Amino acid sequence: MLASTIVVLLSIVLLVLAITGQLNNYVQPFFRPIMILTGLALFGLGVWSLARVRLDAATAAGEHPVRATSWVLLVPVLLAVVSAPDPLGASMLGSAAVGGASTSMGDPQAQRAQQLVRVERNPDGTIAFPELARDEVNEITLEDLANRFYFGSKEDLDGVQVRVVGFASEGAEGGWFLGRFKIYCCAADAIPYQVRLEGLAEPVSDQWYELSGTVDTAADAQWPVLRVEETEPIDQPNRPYL
């Protein structure tokens, strides 16, 4: 009976996470319908099992005590309710727990380059990305900005005005960055994208910002640099991952 109750509780937790959108903190949104169907199936199975247990108890002689080890099944339910984790943030940038930042998983830039092998090339061998406007602010993702910096023409990117969204994080050697993760399936395969910031006044770690500024490709050989001109703190997006 306890096991059936746990199944019902787990199904309710799963349905709440899927319906409220909190599931986006862990997996891609396209899993949401699958999780809702799974939650409904588990709920139906749990209710049916409870009904069967009550029916058997009513017709059988004696009682069937619950084993002490069965209470271990409550652990995942309590964890999901009490301490559901937030999406990956500043503390995970550069962590070996993140697939894109782990040296054991290979160089993240090499992984990105493999995804861009079948694209048009410039005469110098760099990737020919679509041209950005010079007379207006370009709304792009941190992934697009990073790919253009590492694999495209720095000359085409330098001096361009962009608007990007991400969370602030302090670098290991000082300075501040704007970062965001991309996931293909779930948080376990996350790849981080970052831009180094110049001119962001009083940043707060893990605070989400919408920043506008000018890209400087000559200031740092390792990172694209954004010279911030406009700052707007924002709430965490409903879809925190790219």
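The coordinates are above.
Note that the structure is predicted; figures quoted are calculated from it, not measured. (Residues numbered from 1 in each chain as written. Predicted model: local features only at pLDDT ≥ 70, side-chain atom pairs only at ≥ 80, totals over all residues. Heavy atoms only, no water.)

Visitor: Help me understand the overall build of the protein, please; the structure alone is not making it clear to me.
Guide: The number of helices and strands found in the protein is 6 helices and 6 strands. If you list the helices and strands of the protein from N to C, you get α-α-α-α-β-α-α-β-β-β-β-β. Counting over 242 residues, the protein shows a buried share of 38%. Long-range contacts, defined here as pairs at least 24 residues apart, represent 66% of the contacts in the protein between residues at least 6 apart. Counting only carbon and sulfur atoms, one obtains 57% of the accessible surface of the protein, whose full area is about 13900 Å². (Helix = DSSP H or I, 4+ residues; strand = E, 2+ residues; numbered from the N terminus. Buried < 20%, exposed > 50% of the residue type's maximum accessible area, 1.4 Å probe, protein only. Contact = heavy atoms within 4.5 Å. Areas by Shrake-Rupley, 256 points an atom, 1.4 Å probe, with all protein chains shown as cover.)

Visitor: Hey, could you run me through a negative patch on the surface in this one?
Guide: Taken together, the side chains of Asp124, Glu131, Glu155, Asp156 and Asp158 make up a negatively charged region of the molecular surface. Locating Asp156 in the fold gives a position in helix H6 (residues 154–157). (Patch = residues over 30% accessible without salt bridge, like charges linked within 9 Å, V, L, I, M, F, W, Y side chains within 5 Å. Salt bridge = Lys/Arg side-chain N within 4 Å of Asp/Glu carboxyl O. Lys, Arg positive; Asp, Glu negative; His and termini not counted. Charge placed at Lys NZ, Arg CZ, Asp CG, Glu CD.)

Visitor: Teacher, can you tell me more about the side chain of Gln28 here?
Guide: Structurally, Gln28 is set in the loop between helix H1 (2–20) and helix H2 (32–59). A relative accessible area of 10% means that Gln28 is categorised as buried. At 2.5 Å, the side chain of Gln28 and the backbone oxygen of Ile183 are in polar contact. Filtering out sequence-adjacent residues up to four positions away, Gln28 remains in contact with Ile183, Tyr184, Cys185, Arg239 and Leu242. (Polar contact = N/O pair within 3.5 Å; in protein donor to acceptor, adjacent residues only side chain to side chain.)

Visitor: What am I meant to see in the nonpolar core here?
Guide: If you look at the biggest cluster of nonpolar residues, it comprises 26 residues, and the most contacted ones within it are Leu145, Val164, Leu178, Leu197, Leu211 and Leu226. Elements supplying a minimum of two residues to this core: helix H5 (142–151), strand S2 (161–170), strand S4 (191–198), strand S5 (208–216) and strand S6 (225–234). The element contributing the most residues to this core is H5, with 6 residues. Sequence-distant contacts of Leu178, defined by excluding residues within four places in its chain, comprise Leu142, Val164, Val165, Gly166, Phe167, Ala168, Tyr193, Gln194, Val195, Leu197, Tyr209 and Leu211. By size, the runner-up hydrophobic cluster in this structure holds 9 residues, among which are Leu88, Ala90, Ile183 and Tyr241. (Core = buried A, V, L, I, M, F, W, Y, C linked by side-chain atoms within 4.5 Å.)

Visitor: Please explain the pattern of salt bridges as it appears in this structure.
Guide: Two side chains bearing opposite charge may form a pair once their charged atoms approach each other closely. This model, assessed by the stated rule, comprises 6 salt bridges. Arg148 is the partner of Asp144 in a salt bridge, and the nearest nitrogen-oxygen pair spans 3.1 Å. With Asp144 and Arg148 both in helix H5, this residue pair falls 4 residues apart, about one helical turn. Asp144 gets classed as partly exposed once you look at its relative accessible area, which sits at 24%. A relative accessible area of 10% places Arg148 in the buried class. Arg196 is paired through a salt bridge with Glu198; the nearest N and O atoms lie 2.4 Å apart. Residue classification places Arg196 among the buried residues on the basis of a relative accessible area of 17%.

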